[in-house]
Amino acid sequence: MLTIAEQKISSTDLSKIVRFVDDYSGIQLSDKKQSMVEGRLRKRLRHLNMANFKVYTQFVLSASGKDEVIHLIDALTTNKTNFFREKDHFDYIVKTLLPKLVSQGIGRTRPLRIWSAGCSSGEEPYTLAMLLSEWNETHAPLDFEIIATDISISVLKKAKQALYTEKDIEPVPIDMRRKYFRRSIQDPNVLQVSGVVKNQVSFGILNFKNKIYRLPDKMDIIFCRNVLIYFDKTNQQDIINKFCQLLVPQGNLFLGHSESIHGLKLPLDLIGQTIYQKHDRVQI
Ligand SMILES: C[S@@+](CC[C@H](N)C(=O)[O-])C[C@H]1O[C@@H](n2cnc3c(N)ncnc32)[C@H](O)[C@@H]1O
């Protein structure tokens, strides 16, 4: 009998998994990803003590396997992220966007609201929280709220723990590292985001394939970077439409640098490198 390490997924089971993942999450895996799917699902086979991919596929697609779905999605999402990833977006926020929003009374008459959608392990929303904390040290303080969501429970768990390695925090400017990270007493190689920054971000689970995105308010800024690249045009149109409904007029959407809304019909203008602004007074 073959060991789990030697097992291969059949093309029929791979197609079933690929189709299911697309329907459930919008992520396009393509049948070419066979070795990636095998590699990532072997851990689930071992964990569940299952003999092969056929048994696993039958289980996860059956009613009795519905609790396994979250682990399947967890295993197959790509979670690469960094602090200050695509740094010019953060420069734009500090140099251009915040002065404009402040002049409109946002952050004073009501909180500035930011959503990091597809936040992975938290580096993106914590970068935003650090920048706003920095801003508040040198300007009249802004009231702000940052919501961060993802489909994957394992990255959300990591994000809530807010524990990073020295290597993880290398992109953070040195003065901000000193201010916003504390070395763990238990493990000196681990750094924790300080309470001031950590408490400014609320994390939650949200699947972009949901019909409705339940957020407490309309957003001034939505970050959805390096996520939609895994989706087809139909899903991209549907998801960005929902983002537009959740943005205030003139609110801003930030996509990843390799993403674009080219060919989609949306009430958005391009105002910077993958930075979009919602049309004023638009009703959609
Ligand atoms: C490559 S990471 C990007 C993280 C961060 N935005 C950045 O740019 O560094 C993509 C994230 O999107 C999440 N994701 C994938 N499909 C999703 C879906 N259907 N709903 C919500 N999040 C999803 C993944 O779990 C992953 O954490």
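Our subject is the structure listed above.
In this text, all values refer to a predicted model and were calculated from it rather than measured experimentally.

Engineer: Please provide a residue-by-residue account of the packing of aromatic side chains, values included.
Structural biologist: All chains considered together, the criterion is met by 14 aromatic pairs. Where Phe20 meets Tyr24, the ring centres are 5.9 Å apart and the plane angle is 20 degrees; that geometry is what we call stacked. Placement of the pair is Phe20 and Tyr24 together in helix α1 (residues 11–25), with a separation of four residues, close to one helical turn. Of the residues examined, Phe20 reaches a relative accessible area of 23% and is grouped as partly exposed. Look at Tyr24 and you get partly exposed, because its relative accessible area is 31%. Judged by centre distance (6.3 Å) and plane angle (65 degrees), the rings of Tyr92 and Phe254 are edge-to-face. With a gap of 162 residues between them, Tyr92 in helix α5 (residues 88–103) and Phe254 in strand β8 (residues 247–255) connect regions that are remote in the sequence. Classification of Tyr92 by relative accessible area gives buried; the value is 19%. Under the relative-accessibility criterion, Phe254 is labelled buried at 0%.

Engineer: Let's hear about the site of the ligand: which residues, and what values?
Structural biologist: For the ligand, the set of nearby residues contains 21 residues, the closest of which are Ser25, Thr81, Gly118, Asp150 and Asn226. Measuring from an oxygen atom of the ligand, one finds a side-chain N or O atom of Asp150 at 2.6 Å. Within the complex, the protein chains bury 99% of what would otherwise be the 600 Å² of accessible surface of the ligand. Class assignment of the residues belonging to the shell around the ligand gives a composition of six nonpolar, 10 polar and five charged.

Engineer: Any chance you could break down the packing of helix α2 (residues 34–48) against helix α4 (residues 69–76) for me, citing the residues and the numbers?
Structural biologist: It is at 9 Å that the axes of α2 and α4 come closest, and there the two elements cross at 135 degrees. On the basis of their axis angle, the class for α2 and α4 is oblique. Crossing of α2 against α4: the hand is right-handed. Contacts between α2 and α4 pair Met36, Val37, Arg40, Leu41 and Arg44 from the former with His71, Leu72, Ala75 and Leu76 from the latter. Grouping the amino acids of the contact of α2 with α4 by side-chain chemistry returns six nonpolar, one polar and two charged.

Engineer: An account of the pairing of strand β2 (residues 144–150) is requested, with residue identities and associated values reported.
Structural biologist: Burial analysis of β2 places six of its seven residues in the buried class, which makes it a mostly covered element. Note: strand β1 (residues 112–117) against β2, six bridges, orientation parallel. Each residue of the ladder has a partner; that of Ile114, found in β2, is Ile146. Note that the unit made of β1, helix α6 (residues 123–138) and β2 has a crossover that is right-handed. Two elements, β2 and strand β6 (residues 201–205), share five bridges in a ladder whose sense is parallel. Paired with Ile147 across the strands is Ser202, a residue of β6.

Calculation notes
- Residues numbered from 1 in each chain as written.
- Predicted model: local features only at pLDDT ≥ 70, side-chain atom pairs only at ≥ 80, totals over all residues.
- Heavy atoms only, no water.
- Phe/Tyr/Trp six-rings, centres within 6.5 Å; stacked < 30°, edge-to-face > 60°.
- Helix = DSSP H or I, 4+ residues; strand = E, 2+ residues; numbered from the N terminus.
- Buried < 20%, exposed > 50% of the residue type's maximum accessible area, 1.4 Å probe, protein only.
- Near = heavy atom within 4 Å.
- Polar contact = N/O pair within 3.5 Å; in protein donor to acceptor, adjacent residues only side chain to side chain.
- Areas by Shrake-Rupley, 256 points an atom, 1.4 Å probe, with all protein chains shown as cover.
- Nonpolar A, V, L, I, M, F, W, Y, C, P; charged D, E, K, R; others polar.
- Axes fitted to C-alpha atoms, helices over the stretch in contact; angles between N-to-C directions.
- Parallel < 35°, antiparallel > 145°, perpendicular 65-115°, else oblique.
- Left-handed = near helix turned anticlockwise from the far one by under 90°.
- Contact = heavy atoms within 4.5 Å.
- Pairing = 2+ DSSP bridges.
- Right-handed = clockwise from strand over helix to strand, strands pointing away.

Function cannot be inferred from these measures alone, as they are strictly geometric.
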